[in-house]
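Secondary and tertiary structure notes
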Amino acid sequence: MKAARMHEYGKPLVLEDIPVPDIAEDEVLVQVKACGMCRSDVQLIDGYFRPYADLKPPLTLGHEITGVIAKMGSLVPKGAGIAEGDHVVVAPGWGDGICRHCQVGDTQICPNVRWPGFGPVGGFAEFIPVPARYVIKVGKNLPFEQLAPLTDAGLTTYRGIRKLRDAGALGPDRVIGVLGVGGLGAYAVQYARLLGSGARVVAIARSEEKLAVARDYGVDHTIAVKGKSEADIKKDLNQAFGQVDLDAIIDCTGAPAMIQLGMSLLSISGHYVDVGLVGDRIDIPLFPRVSREQSFHGSFWGNNADLMEVMALAAQDKIKHTIKPIKFEELNKYIDLLRTGDIVGRAVMTF
């Protein structure tokens, strides 16, 4: 089968032919039909994660995976409700099943987690073995190229917005800011409206081209921050909403400068959730966080329940997409474009 593998950090992926993997008795073999491209793919190649998990090459990249079940392991129970030929998405975060996080369903934060695309198997390959409990059956009418990014870009932002909602940060008298409208932010602005309980939504980004996507998706206001001071942005917010701060923020960039800006805009008792990882350190003043009783939430990917909820929204045609389909042979070209931030929406590799 074709596979795109990282043989050395800092080097382009090697597009090669390798054997189709065997499956364990409790696994299914998924024939990959589409796999989204994520900034994490670039960060993996560039060594961003090495201080936290020094993964040993060769690694098969690609973690936004959807496809068709090609083969079933002998111990996959009939009650699983899946069969050969079914269309599925692959849930990330394959936990050990015994830790306290797995026991409550949050397998993505299991201390012994395995990640597709961050090890021997990944979605930039024609086939991938997956534990049966980590595939979710989807309707055959849903396009593969739209399903793939929902397993990360669409899942991560869903969980982040849900955390804001569950924390009581959203409501009809609130304003939520979405920082960054790239692959993740294009979904975050939609969930902010779907789950926002009437909160008004403002998209904040550097690129006017990406803000145009947010406007197409129905946000209440957009702010292009390039060349603007904090005072300029507060004045813009005041004109649009009658307040100079934000009650809730989902940061889809994780860039140090954007986090500093976002924290300066956060209201008293405001909630800030970060799902982006452009930077690696943040430097923000402590006193306002304490004296204004603000909350900062980390939110990492999502669990099976989150992904099933996202799939239900997709099945009801409630999620819009900005997709750039690409070929397997174009992976390295688009990794370079991801590195420079020159992709609007989500690039999705299709077989």
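Look above for the structure.
The structure presented is a predicted model; accordingly, all values stated were derived computationally and were not measured. (Residues numbered from 1 in each chain as written. Predicted model: local features only at pLDDT ≥ 70, side-chain atom pairs only at ≥ 80, totals over all residues. Heavy atoms only, no water.)

1. Regarding the overall build of the protein chain
Each helix and strand counted, the protein chain has eleven helices and 16 strands in total. Against the 2.2 N^0.38 benchmark of 20 Å for 351 residues, the protein chain shows a C-alpha radius of gyration of 20 Å, consistent with a compact globule. Sorting the 351 residues of the protein chain into buried and exposed places 54% on the buried side. Across the protein chain, contacts joining residues at least 24 apart in sequence account for 71% of those joining residues at least 6 apart. (Helix = DSSP H or I, 4+ residues; strand = E, 2+ residues; numbered from the N terminus. Rg over C-alpha atoms; globule rule 2.2 N^0.38 Å. Buried < 20%, exposed > 50% of the residue type's maximum accessible area, 1.4 Å probe, protein only. Contact = heavy atoms within 4.5 Å.)

2. Focus on helix 4 (residues 153–166)
Helix length check: helix 4 (14 residues) gives 20 Å between terminal C-alpha atoms against 20 Å at 1.5 Å per residue, within 8%. Where burial is concerned, most of helix 4 is hidden: eleven out of the 14 residues are buried. Where helix 4 is concerned, the buried positions are Ala153, Gly154, Leu155, Thr156, Thr157, Tyr158, Arg159, Gly160, Ile161, Arg162 and Leu164. Where helix 4 ends, the next residue or the one after it, Gly168, has phi of about 80°, a positive value. (Expected span 1.5 Å × (residues − 1).)

3. Here we look at the environment of Ala91
Considering the arrangement of structural elements, one finds Ala91 in the loop between strand 6 (87–90) and helix 2 (100–103). Ala91 sits in the buried class, given a relative accessible area of 1%. For Ala91 and Trp301, which are 210 residues apart along the polypeptide, the C-alpha to C-alpha distance reads 9.8 Å. Not counting residues up to four positions away in its chain, the partners in contact with Ala91 are Tyr134, Asn304 and Leu307.

4. Points about the pairing of strand 5 (residues 64–72)
Two elements, strand 3 (residues 27–36) and strand 5, share eight bridges in a ladder whose sense is antiparallel. Considered in strand 5, the bridge of Gln31 is made with Val68. (Pairing = 2+ DSSP bridges.)

5. Details of the state of the cysteines
Following the criterion strictly, the structure yields zero disulfides and no others. We note that Cys35 lacks a disulfide partner, and the nearest cysteine sulfur, in Cys38, lies 9.8 Å from it. Not engaged in a disulfide, the cysteine Cys99 finds its nearest cysteine sulfur in Cys102; these two sulfurs lie 3.6 Å apart. Overall, Cys99 belongs to the buried group, its relative accessible area being 12%. (Disulfide = S-S within 2.5 Å.)

6. Points about the sheet that holds strand 4 (residues 59–60)
Reading across the sheet, the three strands line up as 2-1-4 and stay open at both edges, with antiparallel pairing between neighbours. Pairing within the sheet leaves two strands with one partner each, and these edge strands are strand 2 (14–17) and strand 4.

7. Observations concerning the packing of helix 1 (residues 39–46) against helix 11 (residues 331–339)
Following both chains from N to C, one finds helix 1 and helix 11 inclined at 95°, their axes separated by 9 Å at the closest point. One finds that helix 1 runs roughly perpendicular with respect to helix 11. Here Arg39, Val42, Ile45 and Asp46 of helix 1 come into contact with helix 11, specifically with Ile335, Leu338 and Arg339. Tallied by class, residues from the contact of helix 1 with helix 11 come to four nonpolar, no polar and three charged. (Axes fitted to C-alpha atoms, helices over the stretch in contact; angles between N-to-C directions. Parallel < 35°, antiparallel > 145°, perpendicular 65-115°, else oblique. Nonpolar A, V, L, I, M, F, W, Y, C, P; charged D, E, K, R; others polar.)

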